[in-house]
Amino acid sequence: MFKRYSALDSNYFTGSYPFNNKINVSFKEYNNLNLQQIACWPNTLPNFESFVIDELNLSNLPGFNKGIINKEFSLWRMEPLKWWLLNKNIFLSENLGSTLDMSHAFTCLIISGNEATSLLNRHIPIDLRENILSHTSSVSSSIHHVSIKLIKFSNNNYYLFIPRGFALSIWEILINSSKQFGYEILER
Amino acid sequence: MTSFRIKNYGKVNRKKAISFKWENKKYYGYEGDSLASALLANNIKIVGRSFKYHRPRGIMSCGVEESGGLVTIGSYDKRDPNVRATTQELYQGLTAYGQNAFPNVNFDLGEINNYLSRFFAAGFYYKTFMGIPPFEWGTGTSIWMVFEKFIRKAAGMGKLSTLPDPDNYEHAHDFCDVLIVGSGPAGIAAAKEAADKKLDVILVEQDSLLGGDQLGDRVFNVDEVYSELKNLNIRILSKTTAFGLYDNCVMGLLEKVTDHKAEVNDSLPRQRFWTIRAKHIIIGSGSLERHIAFNNNDVPGVMTVNASKHYLNRYGVLTGKNIVISTNNDSAYKTAESLYNAGAKVTVLDVRQDISLPPIFKDKIPVRFQTVPYNINGSRKIKSIDLATITDSSYKKIDTIICDQVLLSGGWSPVVHLLSHRGSSPTWNIDNLCFLPGNTKENISIIGAARGIWNREECIKSGIAGALDAMNKMGLTKTNYFFPKEGGWKNPIHPLYEVKHKKLISKSFVDYQHDVTTDDIRLAHREGFESVEHLKRYTTLGMANDQGKMGNIIAISLMADLLDKKISEVGTTVFRPPYTPIAIGALAGRHVGKHFRPLRVTPMHQWNLDNGAVMIEAGLYQRPWYFPKKNETLTDSYIREATIVRKSVGMCDVTSLGKISIQGIDSTEFINRIYANPFAKLPINKTRYGIMLRDDGIVMDDGTSWRLSENEYLMTTSTAQAGKVMSWLEELLQTRWTDLKVNVTSVSEQWAAVAISGPKSRDVIKSCVENSILIENLPFMGFVSTKLIDGIPCRIVRISFSGELGYEIYIESDYANTMMNLLWREVKKFNGCLYGLEALGALRVEKGHVTGAELDGRVTIEDAGLGKMASSKKSYVGSAMRKRGVLNSLEREQLVGFFPINKKHTFGAGTIVCEKNSIKGFGVGRITSVTHSPELGHWIGIGFVKGGKERWKNITLIGSDPVRNKQMELKVVSPHMIDPEGKRMHV
């Protein structure tokens with residue numbers, strides 16, 4: 001494994017930054033992201049689904065904007081015919097679809113804490129309430145005009161995927177708006 | 001504290017005194033005071049001066065409609081003008097000043113305008129400064145332009161700080177089932193009912209306390225209400241104004257987060273701009289009490305009746321000791337009783353005939369029926385009031401009463417603004433003399449006084465009905481319910497808008513801030529400005545800070561009278577957001593300064609900075625511009641960098657190029673349809689330059705595509721067009737070629753890229769990879785997937801933008817720094833350099849390579865001199881339309897190079913190329929890119945000229961640059977100025 005340089009290296013300062021003695025948001029960069037995009041076409045979907053279910057030993061594939069979390073990996077249907085496989089890679093026949101490594105394309109932030117949803121809604125105009133966007137769901141939106149993907153692992157626990165080139169800028173904005181909640185930056 | 005602050009009244013915290021400064025003098029108030037209540041408690045009557053006549057202005061209300069008490073808060077970079085004293089919470093150390101006065105509000109030299117007021121009537125500016133009477137000298141725009149700067153200097157109230165705003169602002173989003181605006185009796189009832197039915201409720205209140213009009217009750221427990229609502233899980237946003245209602249129940253709101261705090265923690269924003277999306281909106285925004293127009297109705301001490309009640313019961317401030325109340329409705333009597341009980345002497349004037357009243361109004365509070373206020377005596381404070389009665393439809397003075405305060409209640413106007421934002425016109429209600437909210441089919445309910453309901457019990461019922469209405473409209477229930485009827489007073493209201501004085505010119509104000517009088521309304525009518533929209537613009541009525549909240553109805557009634565129409569026929573002006581003023585900073589949120597736009601950096605951004613790069617914005621990207629050595633200028637630096645590239649080797653971060661992965665068994669067919677030149681037979685491990693056209697045959701973008709495998713390509717695009725090309729490919733696959741099995745994905749962020757250019761580039765790369773033989777044998781436009789010497793996988797393509805032997809290395813982004821360190825170590829061994837965008841541009845201009853400056857959306861493939869590349873055997877996007885005659889005319893401008901005749905001359909991009917005897921218009925061509933050519937030793941350019949190079953052989957043209965006021969002689973040359981045969985890059 002070669003050393004990977006994060007987009008946040010110059011501004012990732014671990015520690016606690018409380019407000020009124022409280023920490024309500026935690027940040028942790030997902031280190032060494034392993035992200036594989038797998039995709040198919042409408043008429044290869046049935047065979048593709050069967051193959052992926054077998055390959056990953058699943059009972060079914062997640063629905064649109066939903067995910068499945070396993071011990072070793074998670075699978076997310078980000079677009080109707082595109083899935084993201086985190087922490088695992090598979091090989092796909094060209095007749096079924098295509099795979100693409102996107103591990104370096106995004107900076108992934110794990111954002112959690114009591115005010116994680118409030119913080120995200122300072123920037124993202126998406127209804128993140130639990131009864132609207134349940135856990136193991138994903139959404140596409142934008143922060144400061146930059147398109148992002150957001151995965152809700154559980155209530156107040158999110159994976160935020162920022163295009164790598166914008167990550168530093170968005171990171172600074174997130175940190176600024178987290179000051180009002182009190183935040184901590186955890187070791188990667 | 002003072003004789004105006006009375007014991008046992010109010011909800012302020014008397015245990016906590018707060019000091020503040022007014023006009024540089026220290027005063028005290030209490031926690032819970034507004035600035036207005038603290039000023040009144042300290043017997044400060046004059047708080048500002050009016051706009052035109054500089055007349056003294058006092059506090060006239062207790063809410064957002066305030067038109068008199070507009071003050072400046074803070075100093076230096078925190079100076080904030082036109083703050084309503086009535087809504088500004090008092091805090092320790094607050095400093096406030098009056099406005100529009102010199103040297104101060106108590107003695108203002110500008111008051112001379114008051115004596116010249118007959119010259120400042122409506123339309124004064126238009127009449128005077130667009131042609132000066134009597135001879136209309138200097139008519140037209142030019143004379144207006146002369147005076148405009150003086151008028152602008154005199155205009156406006158308060159003075160903004162010119163320093164950068166030190167505060168933070170932010171945007172926020174939220175969602176709910178029901179959003180309720182207003183926490184009066186109706187709003188609270190609606191919130192409880194909706195929450196009780198398990199709906200997710202947000203309750204918004206512009207005040208710092210919940211309660212609405214109930215805050216004016218002597219007994220009202222705010223904390224109890226608050227905890228009751230909290231127990232129902234109702235989310236409460238206080239100090240938050242709903243300023244605009246938009247499509248699909250989207251509400252814009254402004255929360256004042258720290259405006260009330262003495263010491264601000266910079267972790268908190270000053271204000272928060274909310275966008276709340278609800279399934280249903282319930283508007284309980286209440287109503288505003290109206291003034292009455294009569295002579296000198298603006299003297300400090302004039303106030304609405306209900307405001308006085310609020311000052312008494314909320315703040316414990318008795319606003320006068322000898323009070324005259326003038327009313328045309330029942331609402332004033334409760335206040336009269338409260339004021340009397342608090343120790344004031346009270347007299348009530350009621351325009352109506354005798355009505356039944358409680359005994360107190362016979363025994364202790366005199367009521368004079370069919371009596372109206374006629375004139376106030378006094379200028380800086382009220383000395384007495386003249387009373388009048390109606391005789392033969394005119395008013396006759398009958399008496400004078402000594403008093404120190406005049407309270408007015410000319411009726412109530414429901415706050416219909418938010419619904420009006422949705423395009424629903426309010427309708428005039430003749431029984432209650434007010435505009436009521438119009439109809440809407442949207443998920444919006446109106447409740448309480450905003451619906452024209454004056455009775456508190458009925459308001460509560462309307463709140464419950466509003467919640468049930470919400471549930472029905474959301475499809476959750478089918479409950480039967482009804483809204484109480486509007487109105488609710490025992491005795492009908494009687495119209496009373498203006499008491500006309502006999503004086504030829506009276507000071508009977510309608511808009512207090514802008515000094516619009518009833519005479520101005522009449523003047524506007526005489527001069528033909530009869531529509532309310534024209535009236536508003538001609539007189540500036542309702543264009544001030546209060547946006548007509550105080551005066552609009554009076555003006556409309558006068559106009560109706562003058563036109564001999566009903567008020568319903570005249571209508572009202574259109575209300576638009578925002579309901580109350582919003583700081584520009586709040587609109588910007590966190591998108592300021594460094595984060596005005598999102599910053600995009602390459603994976604080697606820090607590496608470039610660490611190695612001396614000066615950055616430049618290229619779109620959103622930060623790109624290395626040049627790498628100066630000691631004391632080098634930009635020109636020195638890029639000439640040095642370009643020279644080294646031509647002689648030895650240089651490396652340049654080219655990550656910003658767009659990169660698109662194209663995968664699938666139909667990829668070759670897809671890419672062959674996209675590009676104008678043939679791609680079907682591109683071998684694996686080869687790269688080809690391609691040009692894609694728009695449907696209309698114009699060039700969209702150029703770039704290269706690499707065949708990675710049988711069914712996979714990597715397409716590169718120009719930096720500027722990366723997003724557009726990606727969208728275009730998606731659109732084609734989703735709408736036009738749905739049968740193709742192709743996936744396209746942007747991988748611009750996945751890959752970092754560096755260009756290694758120059759005669760020594762091959763040597764550099766060979767020493768950086770595991771297998772140097774691969775590089776030795778790599779043909780021009782070939783590429784190889786290999787590994788750097790430390791084992792990191794990379795892709796290397798032999799390609800040249802500079803015209804020299806060149807390569808581009810693509811590596812996964814997180815490894816970019818490692819790659820740069822490795823390459824730079826080797827480049828230095830050859831006395832090579834880092835080069836930036838400026839040198840990159842110089843090298844490509846010398847070579848005649850086009851970029852976005854040339855491919856500007858007007859250029860065909862033939863214009864760019866690349867027509868021969870286009871396939872004649874296949875169909876591709878734009879292939880039919882590019883054959884149109886107009887796109888193939890010999891008269892079209894074609895790509896050429898330009899040299900100055902005098903080699904010492906320079907020219908700039910944008911220079912228009914003209915014939916010697918016709919230096920005008922669009923000329924015969926244009927220069928799009930220029931540089932000093934280190935290789936040729938003089939200035940060069942590329943651009944377009946009609947007919948191309950052959951047309952202008954041996955003809956001297958003129959470069960005209962009217963912007964820089966320059967002209968120079970030019971000759972047209974081939975755009976390929978260096979190594980036209982391409983020997984260097986094929987070496």
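Residue positions are given per chain, counting from 1 as you read along its sequence in written order. Here the convention is simple: chains get letters from A, ligands get numbers from 1, in the order in which they are written. Reporting in this predicted model follows two pLDDT cut-offs: at least 70 for local features of residues, and 80 or more for side-chain atom pairs to be given and counted; totals over whole chains, interfaces and linings ignore these cut-offs and use all residues.

This part is about the overall build of chain B. Runs of E in the DSSP output that reach at least two residues are strands. Runs of H or I that reach at least four are helices, and both are numbered from the N terminus. Within chain B, the secondary structure is distributed over 24 helices and 48 strands. Its C-alpha atoms give chain B a radius of gyration of 38 Å, more than 25% over the compact-globule value 30 Å for 987 residues. When its C-alpha atoms are laid out on the principal axes, chain B stretches across 115 × 75 × 55 Å. Counting over 987 residues, chain B shows a buried share of 53%. Note on contacts: residues are paired as contacts if their backbone-placed C-beta atoms lie within 7 Å. Long-range contacts, defined as pairs at least 24 residues apart, comprise 66% of the intrachain contacts of chain B with a sequence gap of at least 6. With the radius of gyration taken over C-alpha atoms, the globule rule is written as 2.2 Å times the number of residues to the power 0.38. Partly exposed residues are those whose C-beta has more than 12 but fewer than 20 other C-beta atoms within 10 Å; with 20 or more the residue is buried, with 12 or fewer it is exposed, and the C-beta atoms are placed from the backbone.

A word on the overall build of chain A. For chain A, the count of helices and strands is three helices and twelve strands. Its C-alpha radius of gyration of 17 Å places chain A within 12% of the 16 Å reference for a compact globule of 188 residues. In terms of overall dimensions, chain A has C-alpha extents of about 55 × 40 × 30 Å along its principal axes. Summarising the internal contacts of chain A: among those between residues at least 6 apart in sequence, 64% fall at separations of at least 24.

Here we take up the nonpolar core. In this usage, the nonpolar core is the set of buried Ala, Val, Leu, Ile, Met, Phe, Trp, Tyr and Cys residues whose C-beta atoms join them within 7 Å. Of all hydrophobic cores here, the largest spans 160 residues; its most connected members are L160 and I162 of chain A together with V754, I756, I809, M819 and L823 of chain B. Considering every element that reaches this core, the biggest residue donor is helix α3 (residues 164–178) of chain A, with seven residues. Each domain's extent was defined by an automatic or database domain assignment. Residues from two domains meet in this core; each of domain 1 (9–31 + 105–185) and domain 2 (35–101) of chain A gives at least three. Core analysis: the next-biggest nonpolar cluster, separate from the first, contains 156 residues, I188, A388, I493 and F509 of chain B among them.

All right, on to the domain arrangement of chain A then. Residues and elements named next belong to chain A. Along its sequence, chain A is organised into domain 1 (9–31 + 105–185) and domain 2 (35–101). The partner domain 2 presents seven residues to the eight residues of domain 1 that form the contact. Those elements giving two or more residues to the side of domain 1 that touches domain 2 turn out to be β9 (137–143) and β10 (146–154). Considered class by class, the residues forming the side of domain 1 that touches domain 2 number four nonpolar, three polar and one charged. Amino acids outside the nonpolar list (Ala, Val, Leu, Ile, Met, Phe, Trp, Tyr, Cys, Pro) and the charged list (Asp, Glu, Lys, Arg) are all regarded as polar, and Gly is one of them.

Residue and element names in this part refer to chain B. The span one expects for a helix is its residue count, reduced by one, times 1.5 Å. Helix length check: helix α14 (residues 552–563), at twelve residues, gives a terminal C-alpha distance of 16 Å against a target of 16 Å (1.5 Å per residue), a fit within 8%. Listed in full, the buried residues belonging to α14 are N552, I553, I554, A555, I556, S557, L558 and M559. On its buried side, α14 packs onto β23 (412–414), β27 (509–511), α12 (518–526), α13 (532–539) and α15 (567–570). Of the residues one or two after α14, D564 is the one with positive phi, at around 55 degrees.

The next point concerns the interface of chain B and chain A. If you look at the interface, chain B gives 38 residues, while chain A gives 38 residues. Secondary structure elements with two or more residues in the side of chain B that touches chain A: β8 (169–181), β29 (600–601), β33 (658–663), β37 (743–746) and α23 (816–829) of chain B. With six residues, β8 of chain B is the single largest residue contributor to the side of chain B that touches chain A.

This part is about the pairing of strand β13 (residues 271–283) of chain B. Residue and element names in this part refer to chain B. Burial analysis of β13 places ten of its 13 residues in the buried class, the great majority of the element. Between any two strands, at least two bridges found by DSSP are needed for them to pair. Here strand β12 (residues 250–256) runs beside β13; their pairing, made up of seven bridges, is antiparallel. Each bridged residue has a counterpart across the sheet, and for L253 the counterpart in β13 is W274. Judged from the three bridges that link them, β13 and strand β26 (residues 444–446) form a sheet pairing that is parallel. When the bridges of β26 are listed, I281 appears paired with I444.

Time to look at unusual backbone geometry. Residue and element names in this part refer to chain B. Cis peptide bonds are those with omega within 30 degrees of zero, and the linkage from F102 to P103 qualifies with 5 degrees. One can find P103 in the loop between β7 (94–97) and α2 (112–115). A cis geometry characterises the amide bond from P577 onward to P578, with omega recorded as 0 degrees. Positionally, P578 belongs in the loop between α15 and α16 (584–588). Phi at N8 is positive, roughly 65 degrees, even though this residue is not glycine. Accessibility expressed as a C-beta count within 10 Å gives 7 for N8, which makes it exposed.

Residues and elements named next belong to chain B. Within the open sheet, the five strands sit side by side as β2-β1-β7-β5-β6. Their pairing is mixed. The strands lining the two open edges of the sheet, one partner per strand, are β2 (25–31) and β6 (80–84). For this sheet, the mean angle separating the axes of adjacent strands, direction not counted, is 40 degrees. Lines are fitted to the C-alpha atoms to define the axes, a helix being fitted only along its stretch in contact, and any angle between axes, read from their N-to-C directions, falls within 0 to 180 degrees.

With that out of the way, let us pick up the pairing of strand β3 (residues 35–40) of chain A. All names here are of chain A. In terms of burial, β3 is a largely internal element, six of the six residues being buried. Along β3, one buried face is formed by L35, Q37 and A39 and the opposite face, lined by Q36, I38 and C40, is buried too. Bridging between β3 and strand β6 (residues 82–86) involves five bridges; their strand directions are antiparallel. Bridge assignment links L35 to a residue of β6, and that residue is L86.

Once that is clear, we can look at the packing of helix α7 (residues 305–313) of chain B against helix α8 (residues 332–341) of chain B. Residue and element names in this part refer to chain B. Where α7 contacts α8, the axes come no closer than 9 Å and their chain directions differ by 40 degrees. When the axes of α7 and α8 are compared, the pair comes out oblique. Taken as a pair, α7 and α8 cross one another with a handedness that is left-handed. Contact residues: V305, N306, S308, K309, L312 and N313 in α7; A332, T335, S338 and L339 in α8. Under this scheme an angle from 65 to 115 degrees is roughly perpendicular, one under 35 degrees roughly parallel, and one over 145 degrees roughly antiparallel; angles in between are oblique. It is the rotation of the near helix from the far one that decides the hand of a crossing: anticlockwise by less than a right angle makes it left-handed, clockwise makes it right-handed.

Before going further, it helps to spend a moment on the sheet that holds strand β21 (residues 394–402) of chain B. Residues and elements named next belong to chain B. Taken together, the three strands give an open sheet; going across it, the order is β19-β20-β21, and neighbouring strands pair in antiparallel fashion. The open sheet terminates on both sides in strands that have one partner only, identified here as β19 (371–377) and β21. Each strand of the sheet is rotated relative to its neighbour by a mean of 35 degrees, with strand direction disregarded. For strand β20 (residues 384–391) and β21, the ladder comprises eight bridges, and the chain directions are antiparallel. The residue bridging T391 from the neighbouring strand is S394, located in β21.

Turning to the packing of helix α5 (residues 185–196) of chain B against helix α11 (residues 456–473) of chain B, a few remarks are in order. All names here are of chain B. For the pair α5 and α11, interaxial distance at closest approach is 7 Å and the crossing angle is 40 degrees. Taken as a pair, α5 and α11 cross one another with a handedness that is right-handed. Facing P185, A186, G187, I188, A189, A190, E193 and A194 of α5, the residues of α11 in contact are R456, C459, I460, S462, G463, I464, G466, A467 and A470. In the contact of α5 with α11, the residues fall into eleven nonpolar, four polar and two charged.

Another aspect to go through is the environment of C768 of chain B. All names here are of chain B. Considering the arrangement of structural elements, one finds C768 in the loop between α21 (761–766) and α22 (772–776). Owing to 22 C-beta atoms within 10 Å, C768 belongs among the buried residues under this scheme. Spatially, the C-alpha atoms of C768 and L822 are 6.8 Å apart, while their sequence positions differ by 54 residues. Not counting residues within four places of it along the chain, the set of residues in contact with C768 comprises L788, I789, L822, L823 and E826.

Bringing helix α19 (residues 667–674) of chain B into the picture now. Residues and elements named next belong to chain B. The buried fraction of α19 is high, at seven of eight residues. Taken as a whole, α19 has its buried residues at S667, T668, F670, I671, N672, R673 and I674. On the buried face of α19, the contacting elements are β33, β34 (687–693), β35 (699–709) and β36 (712–717).

Attention now goes to the confidence of the model for chain B. Confidence of the predictor at the level of single residues is given by pLDDT, which spans 0 to 100. Of all residues in chain B, 99% attain a pLDDT of 70 or more, and the chain-wide mean is 94. Quick note on the complex model: pTM equals 0.93, ipTM equals 0.97.

Here we come to the environment of T860 of chain B. All names here are of chain B. Position of T860 among the secondary structure elements: in the loop between α24 (837–847) and β43 (893–900). A count of 24 C-beta atoms within 10 Å places T860 in the buried class. In this structure, the C-alpha to C-alpha distance between T860 and L788, residues 72 residues apart in sequence, is 41 Å.

Our next topic: the environment of R118 of chain B. One can find R118 of chain B in the loop between α2 and α3 (124–129). Expressed as a C-alpha distance, the spacing of R118 of chain B and S506 of chain B, which sit 388 residues apart in the sequence, is 9.9 Å.

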